[in-house]
Number of protein chains: 4
Amino acid sequence: MSHNTFGHLFRMTTWGESHGPAIGCIVDGCPPGIPLTAEEIQVDLNRRKPGQSRYTTQRREADAVEILSGVFTDGDGPTVTTGTPISLLIRNTDQRSKDYGDIKAAFRPGHADYAYWAKYGIRDYRGGGRSSARETAARVAAGAIARKVLGPSVVIRGALVQIGAMSIDRSRWDWETVSSNPFFSPDPGTVPEWAQHLDEVRKSGSSVGAVIEVIAEGVPAGLGAPLYAKLDQDLASAMMSINAVKGVEIGAGMAAAELTGEANADEIRIGPDGRPRFLSNNAGGILGGISTGQPIVCRFSVKPTSSILTPRHTIDAAGHETDIITKGRHDPCVGIRAVPVGEAMMALVLADHLLRHRAQCG
Amino acid sequence: MSHNTFGHLFRMTTWGESHGPAIGCIVDGCPPGIPLTAEEIQVDLNRRKPGQSRYTTQRREADAVEILSGVFTDGDGPTVTTGTPISLLIRNTDQRSKDYGDIKAAFRPGHADYAYWAKYGIRDYRGGGRSSARETAARVAAGAIARKVLGPSVVIRGALVQIGAMSIDRSRWDWETVSSNPFFSPDPGTVPEWAQHLDEVRKSGSSVGAVIEVIAEGVPAGLGAPLYAKLDQDLASAMMSINAVKGVEIGAGMAAAELTGEANADEIRIGPDGRPRFLSNNAGGILGGISTGQPIVCRFSVKPTSSILTPRHTIDAAGHETDIITKGRHDPCVGIRAVPVGEAMMALVLADHLLRHRAQCG
Amino acid sequence: MSHNTFGHLFRMTTWGESHGPAIGCIVDGCPPGIPLTAEEIQVDLNRRKPGQSRYTTQRREADAVEILSGVFTDGDGPTVTTGTPISLLIRNTDQRSKDYGDIKAAFRPGHADYAYWAKYGIRDYRGGGRSSARETAARVAAGAIARKVLGPSVVIRGALVQIGAMSIDRSRWDWETVSSNPFFSPDPGTVPEWAQHLDEVRKSGSSVGAVIEVIAEGVPAGLGAPLYAKLDQDLASAMMSINAVKGVEIGAGMAAAELTGEANADEIRIGPDGRPRFLSNNAGGILGGISTGQPIVCRFSVKPTSSILTPRHTIDAAGHETDIITKGRHDPCVGIRAVPVGEAMMALVLADHLLRHRAQCG
Amino acid sequence: MSHNTFGHLFRMTTWGESHGPAIGCIVDGCPPGIPLTAEEIQVDLNRRKPGQSRYTTQRREADAVEILSGVFTDGDGPTVTTGTPISLLIRNTDQRSKDYGDIKAAFRPGHADYAYWAKYGIRDYRGGGRSSARETAARVAAGAIARKVLGPSVVIRGALVQIGAMSIDRSRWDWETVSSNPFFSPDPGTVPEWAQHLDEVRKSGSSVGAVIEVIAEGVPAGLGAPLYAKLDQDLASAMMSINAVKGVEIGAGMAAAELTGEANADEIRIGPDGRPRFLSNNAGGILGGISTGQPIVCRFSVKPTSSILTPRHTIDAAGHETDIITKGRHDPCVGIRAVPVGEAMMALVLADHLLRHRAQCG
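Remember, predicted model here, so these are calculated numbers, not experimental data.

K.L.:
Honestly, the interface of chain D and chain C in this entry has me stumped. Any pointers?
P.N.:
Many analyses report the size of an interface as the accessible area lost when the parts associate. Contacts between the two partners involve 106 residues from chain D and, on the opposite side, 106 residues from chain C. Here chain D meets chain C over a buried area of about 8300 Å², counting both sides, of which 60% is carbon and sulfur. When the buried area of chain D at its contact with chain C is split by residue, D:Lys119, D:Tyr228 and D:Lys246 rank highest and sum to 11% of it. Our count for the chain D to chain C interface comes out at six salt bridges. In this structure, the salt-bridge partner of D:Arg269 is C:Glu321, at a minimum N-O distance of 3.5 Å. Our count for the contact surface shared by chain D and chain C stands at 46 residue pairs in polar contact (both at pLDDT 80 or more). Here the residues of the side of chain D that touches chain C are counted per class, giving 49 nonpolar, 39 polar and 18 charged.

K.L.:
I keep staring at the relation of the copies chain A and chain B and nothing clicks. Help me out?
P.N.:
Aligned on chain B, chain A shows an RMSD of 0.0 Å; the corresponding rotation is 180° and the shift along the axis is 0.0 Å. Here the transformation between the copies is reduced to the relation of a two-fold axis. Looking at the interface residues of chain A, 100% of them are also at the interface in chain B, so both copies use one shared face.

K.L.:
Could you clarify how one ought to interpret the side chain of D:Asn243 in this entry?
P.N.:
With respect to the helices, strands and loops of the structure, D:Asn243 is situated in the loop between helix H7 (231-240) and strand S11 (245-250). Polar side-chain contacts of D:Asn243 include one of 2.7 Å to the backbone oxygen of D:Ser131. Within the structure, D:Asn243 has its side chain in polar contact with the backbone oxygen of D:Ser132 (distance 3.5 Å). Ignoring anything within four residues of it in the chain, the contact list for D:Asn243 reads C:Lys230, D:Ser131, D:Ser132, D:Ala133, D:Glu135, D:Thr136 and D:Arg139.

K.L.:
Where do I start with the interface of chain A and chain B in this structure?
P.N.:
Across the boundary between the two partners, chain A contributes 105 residues, which contact 106 residues of chain B. When chain A packs against chain B, close to 8300 Å² is buried across both sides, 60% of that on carbon and sulfur atoms. If you sort the residues of chain A by the area they bury against chain B, A:Lys119, A:Tyr228 and A:Lys246 come out on top, with a joint share of 11%. Our count for the contact surface shared by chain A and chain B stands at six salt bridges. Where chain A packs against chain B, one counts 46 residue pairs in polar contact (both at pLDDT 80 or more). By residue class, the composition of the side of chain A that touches chain B is 48 nonpolar, 39 polar and 18 charged. Pairing geometry for strand S11 (residues 245-250) of chain A and strand S11 (residues 245-250) of chain B, over three bridges, is antiparallel.

K.L.:
It is not clear to me how the confidence of the model for chain A should be interpreted in this structure. Could you clarify?
P.N.:
As a note on interpretation, predicted positions should not be read in detail where pLDDT is low. The predicted model of chain A has a mean per-residue pLDDT of 94, with 98% of residues at 70 or higher. For this predicted complex, the interface confidence score (ipTM) comes to 0.97, while the overall pTM stands at 0.97.

K.L.:
Got a minute to help me understand the sheet that holds strand S11 (residues 245-250) of chain C in this structure?
P.N.:
Consider a sheet: its strands pair through backbone hydrogen bonds, and that pairing is either parallel or antiparallel. An order of S9(C)-S8(C)-S10(C)-S16(C)-S11(C)-S11(D)-S16(D)-S10(D)-S8(D)-S9(D) is seen for the ten strands of this open sheet, with the pairing classed as antiparallel. In this open sheet, the two strands that pair with only one neighbour each are strand S9 (166-167) of chain C together with strand S9 (166-167) of chain D. Direction of pairing for strand S8 (residues 155-163) of chain C relative to S9(C): antiparallel, over a ladder of two bridges. The residue of S9(C) that forms the bridge with C:Ile163 is C:Met166. Its contacts with the sheet put helix H7 (residues 231-240) of chain C on S11 and strand S16 (296-302) of chain C together with S11 of chain D, and the angle it makes with S11(C) is roughly 155°. Along the sheet face, helix H9 (residues 338-361) of chain C touches S8, strand S10 (210-217) and S16 of chain C and points at about 140° away from the line of S8(C).

Criteria and cut-off values
- Residues numbered from 1 in each chain as written.
- Chains lettered and ligands numbered in written order.
- Predicted model: local features only at pLDDT ≥ 70, side-chain atom pairs only at ≥ 80, totals over all residues.
- Heavy atoms only, no water.
- Contact = heavy atoms within 4.5 Å.
- Buried area = accessible area lost by both parts, 1.4 Å probe.
- Salt bridge = Lys/Arg side-chain N within 4 Å of Asp/Glu carboxyl O.
- Polar contact = N/O pair within 3.5 Å; in protein donor to acceptor, adjacent residues only side chain to side chain.
- Nonpolar A, V, L, I, M, F, W, Y, C, P; charged D, E, K, R; others polar.
- Least-squares fit on C-alpha atoms with pLDDT ≥ 70 in both.
- Helix = DSSP H or I, 4+ residues; strand = E, 2+ residues; numbered from the N terminus.
- Pairing = 2+ DSSP bridges.
- pLDDT = per-residue confidence, 0-100.
- Axes fitted to C-alpha atoms, helices over the stretch in contact; angles between N-to-C directions.

Quick look at the structure:
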């Protein structure tokens with residue numbers, strides 16, 4: 001987990017800027033013999049794709065993925081992974097030839113503009129360059145491959161559980177609902193409310209934050225490692241690496257502080273299948289950094305999109321004070337499209353740890 | 001960040017179990033020529049040391065650190081680092097020769113017992129073995145060296161901001177107070193309340209969680225890197241690697257979800273010193289994964305100690321249902337001693353990124 | 001140095017197969033602000049390009065490189081690196097649609113066929129797939145960027161010093177000669193002899209091995225690190241990672257065994273410039289894993305091309321004994337084109353260590 | 001492979017200086033449940049131990065290893081690894097309190113003195129500090145654990161095949177002989193000749209180089225990976241990381257340059273056991289970076305000990321020219337004791353790749 005590479009054994013290295021010719025990634029360490037087609041990856045990419053409702057950016061990108069290496073078809077057989085690096089390419093097709101004069105000259109508050117400039121002395125300011133959320137398409141593509149490594153017994157699903165101050169009612173949680181509304185909400189009751197709120201936000205040129213929850217079921221006990229390779233540590237790293245994320249929680253999360261030892265301890269019984277059955281899941285499926293066989297539960301917050309129409313105070317590279325507004329095509333709630341991204345990161349972490357566990361413990 | 005190693009260029013590899021002869025770590029990648037003595041490291045270790053008040057475990061450990069390598073004194077000069085690996089050793093001196101029959105036979109809910117057994121098929125159950133919070137002494141020792149790498153211009157301080165449901169009043173924040181109460185509270189108003197509450201918790205053999213906040217001031221802009229080496233990502237990884245941590249926040253944290261874009265954007269002006277001055281710090285000092293020069297603000301929650309006197313349902317390795325209570329010497333609120341640990345992890349991340357930044361950007 | 005990634009701070013991750021649509025690499029960790037164009041990279045690629053004389057494979061590849069990310073032009077300025085990952089793409093254009101029936105069915109002795117099959121259970125047998133020397137184009141492209149990081153004061157040059165049993169006469173070494181003959185020979189006296197010998201080898205469908213020497217001048221003292229990051233260790237790793245390499249030497253190399261301590265010790269005097277001047281260079285510019293400021297001298301042997309027209313005994317995947325000959329377009333001496341590859345690997349190792357040294361020692 | 005850590009999944013981090021209180025290492029990533037005692041490690045350490053004949057340094061070190069973590073005995077069972085890091089400690093007991101004035105003041109030619117000083121600006125000059133061959137004791141201890149991971153079916157043996165210009169007669173190779181002479185020679189015919197030669201070398205205060213060959217039998221096909229994790233690449237890195245090594249060869253090695261394609265191609269037949277049988281082993285058991293099931297054959301040269309009694313020209317830190325002789329206790333042929341070190345490095349590489357292969361290919 002360094003530079004632009006994520007993962008230890010199963011790993012992804014991403015590249016590309018928002019307004020360059022393409023973005024992409026290399027997925028390395030993939031086991032051989034896994035059937036894989038671009039169409040399968042495309043399914044996940046399409047869930048993240050912009051422009052699918054009025055609640056996301058109107059930038060039109062096909063996000064069509066090409067597999068350039070690492071797969072092979074022998075005769076009439078299916079296309080399978082060969083164990084060598086899989087290079088994925090996604091072309092940028094809808095970079096508007098707009099005038100970037102405004103954001104070239106001044107640092108947009110809340111954006112990475114100033115930080116990049118302070119670090120590198122140069123920045124590709126077109127559409128945020130490397131800091132654009134467009135990079136997350138590469139994650140979703142890599143995550144689709146990670147899912148195939150994990151196999152069908154591991155089910156990873158995400159949902160939006162909060163927009164602004166409006167949370168879902170967990171008693172109404174329904175996974176079927178998630179795919180039938182533009183917010184990935186698992187609670188049908190929130191959909192009209194969120195729609196009305198986001199319409200207002202969008203029309204006013206404002207934005208709002210969100211909380212995403214990702215759950216992995218069917219994860220075997222034993223993944224992770226005691227220290228500095230903890231499963232929850234790598235999940236925290238994974239989720240915090242997503243643009244605009246400001247907080248990560250496992251299980252009870254920040255609220256664990258309010259629990260007593262009695263309430264927190266997930267008691268264990270033997271289930272009807274003869275296997276351990278936990279009576280609660282404050283641990284979020286992880287104890288001592290290692291999975292317990294319970295569902296892995298991870299939440300993260302996404303701050304509101306920093307591109308807004310209300311003028312904000314800022315400075316320029318010359319050190320002059322100025323004000324800026326950010327026009328263009330933006331997500332009023334960038335957290336919505338973070339749902340498939342969070343799923344992808346969960347898949348990447350689990351696939352990596354599956355291989356790591358197999359290496360050490362056979 | 002893998003196996004038992006944390007960090008990329010400035011890195012720490014820890015080893016040892018709660019009831020073995022010793023614990024320790026290797027600090028590798030340290031720049032040469034930095035004055036360093038065991039006494040300096042001891043100052044930080046003593047802040048984490050158990051048995052300093054009735055609110056922490058009564059295990060008595062001197063936590064005396066020895067430096068076995070990596071430093072040198074040439075003639076009359078000071079002892080300085082040589083650039084080679086620094087091996088630190090801390091002997092375990094107060095391992096009680098108690099009967100471990102109870103925890104050998106059954107998995108303590110909330111502890112790592114079951115997860116270790118599921119992963120490795122064997123576990124050193126004495127005092128938690130490798131999963132014991134005793135390992136954090138090695139972190140604090142390494143963190144003391146990291147602070148020296150950062151130099152005096154970077155000030156890292158932590159505080160306890162919440163115990164159970166009882167939060168501090170931030171308007172009363174006073175750094176001087178932190179070192180004058182056994183809770184590392186920055187709010188003198190909470191001290192008697194927390195003392196009374198923890199006395200009750202302790203007497204009833206229960207436990208309670210907490211939230212720690214660590215702030216680094218004087219960090220130059222430019223540390224971190226866009227993707228998979230984000231400063232906030234590595235902080236999330238660092239804090240989540242601490243035992244019992246369930247949530248990590250940067251700046252506005254989980255509450256960033258509730259902000260509008262207007263409220264979230266930390267506006268920028270030019271300060272009296274001619275440098276950028278941010279009018280708020282929702283970003284927690286990090287934008288796009290890179291430090292901005294503002295204070296780095298990180299919070300994390302610690303779950304309640306899982307060793308409690310109330311019986312809890314569990315199973316044993318043979319798959320039988322049973323109940324267990326955990327006697328012995330335990331912290332009623334393990335979050336208290338996590339304050340210096342959080343500071344150490346902050347120092348380790350920043351020292352690593354200082355070297356990484358210097359490597360790439362000179 | 002693992003998976004398909006080489007380097008620690010300045011690093012290259014390569015991908016692609018001989019007969020896929022393209023090959024390429026990501027160069028990550030590059031310092032920002034370095035002027036870089038595809039044309040500059042092309043210069044090095046052209047030196048490795050096949051089909052430039054009758055002594056190399058007749059496959060026709062333009063080896064035209066595209067830069068897909070990591071560079072930016074701000075207004076009228078030059079195109080420079082931004083510090084983000086540089087994605088390089090080289091399309092395969094001359095994959096013959098030949099019948100691969102022969103090598104699909106049987107393992108070519110000396111080639112990686114059997115080993116890949118034993119490892120992965122599947123292999124892209126077209127032109128060697130991932131094991132093809134075509135991958136080295138990506139190295140040369142990345143090496144061109146590494147050279148720019150090192151700057152003009154570091155001069156890296158390679159030469160062919162032996163073909164088969166025919167060695168150069170070192171007393172005639174002339175760097176100018178290297179670029180004026182198809183063998184990269186530094187000794188004009190060998191050129192007609194080698195030409196005659198290789199013509200015979202080529203016509204008979206045979207092949208022959210070679211030894212390459214790469215020398216880096218102007219490398220500052222202090223690069224490398226004592227253990228497991230030794231400069232010579234990383235050079236050995238780098239050169240042995242090139243296809244068909246079977247031996248690596250630093251300085252006196254294998255012949256160091258025959259020296260006495262007196263002969264081996266490179267004595268030191270003060271040169272006219274006031275800097276250390278070594279009276280010999282058995283060390284090859286490296287002592288204790290760290291550069292001394294002398295020229296870095298590295299040699300490696302390349303085995304003969306395994307694709308030959310003489311039938312060889314082998315087996316097929318079903319375990320049947322058979323014989324095989326390898327038709328097609330092959331280098332009679334693959335060592336020739338390894339010269340620019342060796343230079344590239346030297347540049348990659350030195351650029352990585354330059355950054356690593358700057359990180360630790362400022 | 002960076003800093004002071006070697007290996008990717010099964011890895012060793014060493015620390016310590018020649019004249020500090022101790023040296024040691026952490027072995028991380030070891031599979032759980034492997035019986036392991038200090039006595040087993042000691043067997044290998046004793047083979048490297050100094051002072052066992054008049055042909056090695058007379059420094060007296062017990063090289064007694066302590067296991068400080070990572071193993072556990074449950075009741076009456078054997079002591080086994082737990083999967084957590086194994087910390088090994090070897091105390092230095094025979095550091096002579098000699099006057100280091102000579103080597104403090106001037107750089108010994110052939111030694112790392114100047115290079116360390118150029119890099120770090122400081123060096124622990126006592127006995128070579130970190131650059132001392134004493135560090136190799138930690139490698140041998142870690143290698144003993146690696147052998148246990150590999151299991152009894154993998155047999156790793158080394159031998160000295162050349163001292164100075166005197167090579168063994170390979171037709172007389174006898175593994176039994178290796179343990180019955182002070183040179184690890186596999187050729188009984190060389191023993192009296194080598195003894196006479198080394199006596200002369202020793203008495204004259206000179207030194208001589210050597211070549212070591214290490215062979216691993218029983219290695220399954222499939223270990224290694226195509227690029228930048230090649231088995232031969234990691235072996236080259238491993239052997240070149242040993243002090244004083246200047247060349248590394250796999251199979252035919254540097255002489256591969258002289259072979260024709262016909263001679264080089266190791267032909268394959270089906271053996272009486274139904275498995276592939278290679279008719280030669282120019283490949284040294286590795287093709288395309290991946291093991292073929294043949295014996296892995298690796299050779300490396302060791303330069304003569306740089307500590308000699310003949311005065312050599314050198315300079316001091318102030319830039320003055322001077323001469324130096326190196327008194328003290330030294331190996332006249334440091335290559336002798338490199339035999340068990342080479343075996344250990346082979347074991348470490350193979351154990352690491354065994355786990356890596358299991359991770360990816362199951």
